[in-house]
Amino acid sequence: MTETETRLKALMLRGLEGDASAYRACLALLGARLRAYFARRMAGAPGDVEDLVQETLLAVHLKRSTWDPSQSFTAWAHAVARYKLIDHWRRRKIRQTLPIEDHIEFLAADEPEPSVGIELDRALASLPEKQRILVSDVKLTGLSLAEAGARAGISEGAAKVALHRALKVLAERMRHAD
Amino acid sequence: MRTEDLIEALAADGAPIRPPPRRLAAVAGAGALVALVLVLVWLRPRHDLMSAMQGGMFWMKALYTAALGLAGYLAIERLSRPAGGGRRGWLLGGAALAVFVAAGVVQAMRSPDIQAALHMLRGHSWHSCSVNILILGLPMLALGLVAVRGMAPTRPVAAGFATGLFAGGVAATVYGLHCPENTFTFVALWYSLGVLLLALIGAIAGRWALRW
């Protein structure tokens, strides 16, 4: 378990320094943990698990500046996941309480297979065309941001801004999806 | 969408990250500037500003309100992070308030009669002091709520209260450039009230504004 913390934290630190492949690995590892965490707590709505994993990963990405690198990364990510789960229940008017839990337990889990999220596609469909093309080019065809920007007819700098803005809008829209 | 695809998009986003202290400092700078402009063009600085700055009470007031602002900062710097608590900030804010209220009570009790004490309590501007601080602090409160919303507060009401305390402390410190009142009794009541009003508005607004 602490081994996972060590790995996650090292990857995240490298990611923050601009190492994209370490960052990707960090999010993939965290995503698997989140899937297990949510699956155990949302037995009544397994279809929502992947949506919540994706919403949480978006939040982890957009709010990573609030993690203090002198602290545990797992504890921080667990707090984000917990907030997202409670927020999800609140929005769906599900009365449920989440017992105080240790973040060590957050790491200990079998990992269910990923499924496909639906809410993110819905949110993506509501984006302006240029932003949508940019997001799908980067994710689906594996184009670099500069190439994807060129295809959308904008400079690399503008593509950077547009992608970041698109992710923020996606995070906002996913919350209001239901 | 598959989660793998989302991760690709997230990894492609290299927007620079700014830790909470830097963003909060920017909020304080902008908020203080707006309050200063309002004092200069709307309220006007006190005409005896130069001589007042040589006296102790001018700085005592500034120290008190700056302590309240610092308390708000310490609290929100923690509360803007998931699972963070504002204990350090609440302790400092509570201590500053307690000291000033105690000094105000002692000063009032030492006055020769009740009339003099009441006069000290009302000063020349009791009817506008708290409201002025409230108005000077609202722009910074709004900026602060927007900034904190972009962070990750998990206790929206406490985080809103801390943001209001931060804005109130800064606004009240700038307000000292205008306000000629110079008793502990007055400051302990009306300055504190103005700052607390901002904190309360922050708490109420935080309930819905600080969700993410």
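Residues numbered from 1 in each chain as written. Chains lettered and ligands numbered in written order. Predicted model: local features only at pLDDT ≥ 70, side-chain atom pairs only at ≥ 80, totals over all residues.

Participant: Can you walk me through the overall build of chain B in this structure?
Facilitator: Counting its secondary structure elements, chain B contains nine helices and zero strands. Secondary structure of chain B in N-to-C order comes out as α-α-α-α-α-α-α-α-α. With respect to the three principal axes, the spread of C-alpha positions in chain B is 75 × 35 × 25 Å. Going through the 212 residues of chain B one by one, you find that 49% of them count as buried. A separation of at least 24 residues holds for 85% of the contacts in chain B among residues at least 6 apart in sequence. (Helix = DSSP H or I, 4+ residues; strand = E, 2+ residues; numbered from the N terminus. Buried ≥ 20, exposed ≤ 12 C-beta atoms within 10 Å, placed from the backbone. Contact = placed C-beta atoms within 7 Å.)

Participant: Where do I start with the environment of Phe58(B) in this structure?
Facilitator: Residues and elements named next belong to chain B. Relative to the helices and strands, Phe58 resides in helix α4 (residues 56-79). Between the C-alpha atom of Phe58 and that of Gly137, which follows or precedes it by 79 residues, the distance is 20 Å. Each residue touching Phe58, except ones within four places of it in the same chain, is listed here: Ala52, Met53 and Gly176.

Participant: Sorry, what's going on with the domain arrangement of chain A here?
Facilitator: Accessible area lost upon the coming together of the parts serves often as the stated size of an interface. All names here are of chain A. The domains assigned to chain A are domain 1 (2-115) and domain 2 (120-175). Computed over C-alpha atoms only, the centres of domain 1 and domain 2 are separated by 23 Å. Between domain 1 and domain 2, the contact holds five residues from the first and six residues from the second. Broken down by class, the residue content of the side of domain 1 that touches domain 2 amounts to three nonpolar, one polar and one charged. (Domains from an automatic or database assignment. Nonpolar A, V, L, I, M, F, W, Y, C, P; charged D, E, K, R; others polar.)

Participant: I keep staring at the interface of chain A and chain B and nothing clicks. Help me out?
Facilitator: Listed as interface residues are 39 residues of chain A and, on the opposing side, 27 residues of chain B. Breaking the side of chain A that touches chain B down by element, the ones donating at least two residues are α2 (20-41), α3 (49-62), α4 (73-91), α6 (119-125), α7 (129-140) and α9 (156-175) of chain A. Grouping the amino acids of the side of chain A that touches chain B by side-chain chemistry returns 21 nonpolar, nine polar and nine charged.

Participant: So what exactly am I meant to see when it comes to the packing of helix α2 (residues 20-43) of chain B against helix α7 (residues 126-149) of chain B here?
Facilitator: How two helices sit against one another is set out by the angle between their axes and by the gap between those axes. All names here are of chain B. Packing of α2 against α7 brings their axes to within 9 Å, and their N-to-C directions diverge by 155°. Between α2 and α7, the angle is such that the two are roughly antiparallel. You can see that α2 and α7 cross each other, and the crossing is right-handed. Here α2 contributes Arg23, Leu24, Val27, Ala30, Gly31, Val34, Ala35, Leu38 and Leu43 to the contact with α7, which in turn contributes Asn132, Leu136, Pro139, Met140, Leu143, Gly144 and Ala147. Here the residues of the contact of α2 with α7 sort into twelve nonpolar, three polar and one charged. (Axes fitted to C-alpha atoms, helices over the stretch in contact; angles between N-to-C directions. Parallel < 35°, antiparallel > 145°, perpendicular 65-115°, else oblique. Left-handed = near helix turned anticlockwise from the far one by under 90°.)

Participant: Just to check I follow, could you spell out unusual backbone geometry for this structure?
Facilitator: Leaving glycine out, the prevailing phi sign among residues is negative, and the prevailing peptide bond configuration is trans. Residue and element names in this part refer to chain B. A positive phi angle is found at Arg44, which is not glycine, with a value near 75°. Residue class for Arg44 comes out exposed when judged on the 11 C-beta atoms lying within 10 Å of it. The backbone of Ala83 shows a phi angle near 65°, a positive value even though the residue is not glycine. Positionally, Ala83 belongs in the loop between α4 and α5 (87-110).

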